[in-house]
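Inside the fold
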Amino acid sequence: MPHRQQLGRRSEGWMGLERGYRARPGEWIAEKLIFLVSLTAMVMIFLIFVFVTREALPILLGRMSSAAALETAVISPSRMDTLSPEALRQYLGLTPAEFAGKDRETLELLMELKEEIAAEAPEDKDATVNTAAWRYLLFPHRWTGYDHPVCIWQPVSAIHKYNIVPLIVGSLKTTVVALLFAVPLALAAALYVSQLSSPRLKEWIKPAIELLAGIPSVVLGFFGLIVLATVLQNVFGYASRLNAFVAGIALGLASLPVIFSIAEDALTSVPRTYTEAALALGSSRWRAAWQVVLPAAVPGVFAAVALGFGRAIGETMVVLMASGNASILSWNLFDSTRTITATIAAELAETVFGGHHYRLLFLLGAVLFAVTFLANLAGDLVIQRLKKRLEGKRA
Amino acid sequence: VRRGAGHFEFRAHIAELSARVHGERPDFTLKSFDWVSFACTGLTGLATLLILAILAVILGNIAMHGWPAISWRFVSGGTESDMFDVTKAGIFPMIFGTSARVILMTIFVIPVGVVTAVYLTEYAHTTSPITRVIRGAVNNLAGVPSIVFGLFGLGFFIGFVGGGMDALLHPDNPKPVWGKAALIWASMTLAVMTLPVVIVATEEAMRAIPLGLREASLALGATKLQTIVKIVLPNALPGIMTGGILAVSRAAGEVAPILFTGAAYFMADLPRSLTDQFMDLGYHVFVLSTQSPNIDKTRPILYGTVLVLLVLTFALNFVAILIRARIRRHVRAAHG
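Summarised in this report is the structure supplied together with it. (Residues numbered from 1 in each chain as written. Chains lettered and ligands numbered in written order. Predicted model: local features only at pLDDT ≥ 70, side-chain atom pairs only at ≥ 80, totals over all residues. Heavy atoms only, no water.)

Some words on helix α15 (residues 340-347) of chain A
Summarising burial for α15 of chain A: seven of the eight residues are buried, a large majority. The set of residues buried in α15 of chain A consists of I340, T341, A342, T343, I344, A345 and E347 of chain A. (Buried < 20%, exposed > 50% of the residue type's maximum accessible area, 1.4 Å probe, protein only. Helix = DSSP H or I, 4+ residues; strand = E, 2+ residues; numbered from the N terminus.)

Considerations on the packing of aromatic side chains
For the structure on display, the rule yields 25 aromatic pairs over all chains. For the ring pair Y136 of chain A and W143 of chain A, a centre distance of 5.9 Å and an interplane angle of 40° mean the geometry is tilted. W143 of chain A carries the same exposure label as Y136 of chain A, and that label is buried. Taking the centre distance of 5.0 Å and the plane angle of 65° together, the rings of F156 of chain B and F157 of chain B count as edge-to-face. There is no split in this pair, since F156 of chain B and F157 of chain B are both buried. An aromatic cluster is built from F51 of chain A together with F152, F156, F157, F160, W178 and W185 of chain B, whose rings are joined through pairwise contacts. The ring of W143 of chain A has K161 of chain A lying over it, and the distance from NZ or CZ to the ring centre is 5.6 Å. Between the NZ or CZ atom of K224 of chain B and the centre of the ring of Y123 of chain B, over which it lies, the distance is 4.9 Å. (Phe/Tyr/Trp six-rings, centres within 6.5 Å; stacked < 30°, edge-to-face > 60°. Lys NZ or Arg CZ within 6 Å of the ring centre and 35° of its normal.)

Considerations on the nonpolar core
If you look at the biggest cluster of nonpolar residues, it comprises 187 residues, and the most contacted ones within it are F222 of chain A together with F152 of chain B. Among the elements that line this core, the one with the most residues is helix α7 (residues 165-196) of chain A, at 16 residues. If we skip the residues at most four places from it in the chain, F152 of chain B touches M44, L47, I48, F51 and V52 of chain A together with F157 and V192 of chain B. (Core = buried A, V, L, I, M, F, W, Y, C linked by side-chain atoms within 4.5 Å. Contact = heavy atoms within 4.5 Å.)

Quick notes on the pattern of salt bridges
Residue and element names in this part refer to chain A. Under the criterion given, the structure shown has 13 salt bridges over all chains. E55 is the salt-bridge partner of R359, the closest N and O atoms lying 3.4 Å from each other. In this pair, R359 is assigned in helix α16 (residues 356-394) and E55 in helix α2 (residues 40-60), connecting sequence segments 304 residues apart. As far as the burial class goes, R359 and E55 line up, both buried. The salt bridge involving E347 is made with R338; its shortest N-O contact spans 2.4 Å. Given a relative accessible area of 13%, R338 falls into the buried group. Connected through salt bridges with shared partners, the residues R54, E55 and R359 form a single ionic network. (Salt bridge = Lys/Arg side-chain N within 4 Å of Asp/Glu carboxyl O.)

A look at a nonpolar patch on the surface
There is a patch of nonpolar side chains on the surface, built from L57, L60, L61, W134, L138 and F139 of chain A and spanning about 540 Å² of accessible area. Along the polypeptide, L138 of chain A turns up in helix α6 (residues 134-138). (Patch = residues over 30% accessible without salt bridge, like charges linked within 9 Å, V, L, I, M, F, W, Y side chains within 5 Å. Areas by Shrake-Rupley, 256 points an atom, 1.4 Å probe, with all protein chains shown as cover.)

Brief notes about the packing of helix α7 (residues 183-207) of chain B against helix α10 (residues 237-253) of chain B
To characterise two packed helices, one gives the angle between the axes of the helices and the distance between these axes. All names here are of chain B. Their axes nearest at 8 Å, the elements α7 and α10 cross at an angle of 150°. When the axes of α7 and α10 are compared, the pair comes out roughly antiparallel. In terms of crossing hand, the pair formed by α7 and α10 is right-handed. The residues of α10 that touch α7, namely those facing L190, M193, T194, V197, V198, A201, T202 and A205, are G239, I240, G243, L246, A247, R250 and A251. (Axes fitted to C-alpha atoms, helices over the stretch in contact; angles between N-to-C directions. Parallel < 35°, antiparallel > 145°, perpendicular 65-115°, else oblique. Left-handed = near helix turned anticlockwise from the far one by under 90°.)

Things to note about the interface of chain A and chain B
Taken together, the contacts link 84 residues of chain A with 86 residues of chain B. Approximately 7500 Å² of surface area, both sides summed, lies buried where chain A meets chain B, with 76% of it carried by carbon and sulfur atoms. The tally of links between chain A and chain B comes to one salt bridge. Salt-bridge contacts for R287 of chain A lead to D34 of chain B; the nearest nitrogen and oxygen are separated by 3.0 Å. No other element matches α16 of chain A, which puts twelve residues into the side of chain A that touches chain B. Counted by class, the side of chain A that touches chain B contains 57 nonpolar, 16 polar and eleven charged residues. (Buried area = accessible area lost by both parts, 1.4 Å probe. Nonpolar A, V, L, I, M, F, W, Y, C, P; charged D, E, K, R; others polar.)

As structure tokens, then:
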């Protein structure tokens, strides 16, 4: 705020709140409270980071096993007395405190339970494998019944297959389609609205495109599922009705207003004198916009695309409804696809609280948070620098 | 620039040459039509038109198919028998649930958002590191994916806060009272999500208040806090309302954050307490379009629900835009 200095304020110390608590203790406390409350946004970002990664931590550190069967040999309950108490405790996987609190009958019951679980476990070379280890999350593995190594996300089966590569590819596919659709349209519209259209037309077009931003994502997902999927299938004639292409187009509609409004702001904030100079040199309005204004606004345009990317990759309801949700690893745009966000939304309700599937979905959430955080940070830094440059120019 | 200028020089050169040859006065005005500019302007205009056409198709499609489904019975009726029954199902429980979670959210988010905006506009140094960090956090919070808010609500509000409250208040109750999906946790999750909207709108309104008002108050002997409470905040009230309404319209349509924190697939009764789950308009749209036993038969109520949701969010948006336009006019009058 440029007029800040005109106020002739007293020199202020730490956080601008040092005004002496003796003079007005009530106000001093109130102002400290204002400062503390204003930290909420920061605290929330921190808490989101902590609480999403906290649930994912056992997987991140490789401390969680999702093996379908036990690795140790089963000991029959009748042989209970042959074991030392310490060996028995380790066999049952109890802490000393838990072990001390249980009587003989309970222990026997636990041993029987363990035997039953072992009997029910599938006979499979992969049954004793910890499928939540990093190796299985990221690299293809030759599961029983497959003739070559594959990447599969199949959490609800006898052997929990947790390869996240198909989901990442799915997210990238839909996001790329969305950006290929939305970026050219949004940038062209931003160029037209900010540079070429008449001011009266601009007053109508801008709110209309902002109206698109007001459509809830579940409605866009519904539109993609019910209307767009049928229309696009009739036009392009591919096999699977719901796929990455349909989801990408619907997703593009969600990220289009974001890209448009930031790019439009960036183009409008290029000083008017640039355009006027170009026009005075005999350039047409289009050439001034394309060769003078656009290059000057490139950082803003980059920020717009970065934030649009963040919006597209983090969008949930649209892809959950329109992408078909088959977790197959495929680069084909017209295959049914499942993204990271849709996986979390569709599967979390059915997982065991604190189980490996639950924690894996939180791991996906943490990955998503990190990716969007970086995209936002990049976009934000560029916008800040742009602002500084423009303010420096004006002064 | 270089190509444009070169082009111009070239044209001028040609004009001069032709003048020498024909002995005429050189004509420096470029009469020939610039086809490239014309085509490109047309293309960008077409892109704009295409976006508007898509918008019109979406809204038109929903309005056309949704309008016949709207009736008083549909809007005021419940879903006692079968939520997929076209002739009997109503959406009153969903309208109620969405309104309840959004109103609760406003109660949580407005005070925090307004106080943050007060700090950022009235107290903070624009250049101090802490201000930059707060601003960065606000911007970043706006970009966090909505599904991550859902995970956060589940991990923090339900697991940590709710679970902690259960351990403290009902230590011997085996069934969780607070540590489960509930109206209050969904509202709080949404409040975290919409915090940036309220902060940004309030800040804008507070910056628009002329400095003279503050100076007059200070000159009369009011302290800074008195000035803020008695002069700045009342004048910023329309802006605060705009922020609240924008937050409400954003939150009303969000489904992902409430998937795990409170929305219910089906409930026989309306929620009675803060710890009850609720049915929700947006979630109902999702349920109707993906879980319906016969999508063609249930299509009318699906379109009807979408139309109600859309009208709700757009009406709120529209009110916010009107208030904001009024503020901007006042600003222009005050500063101009």
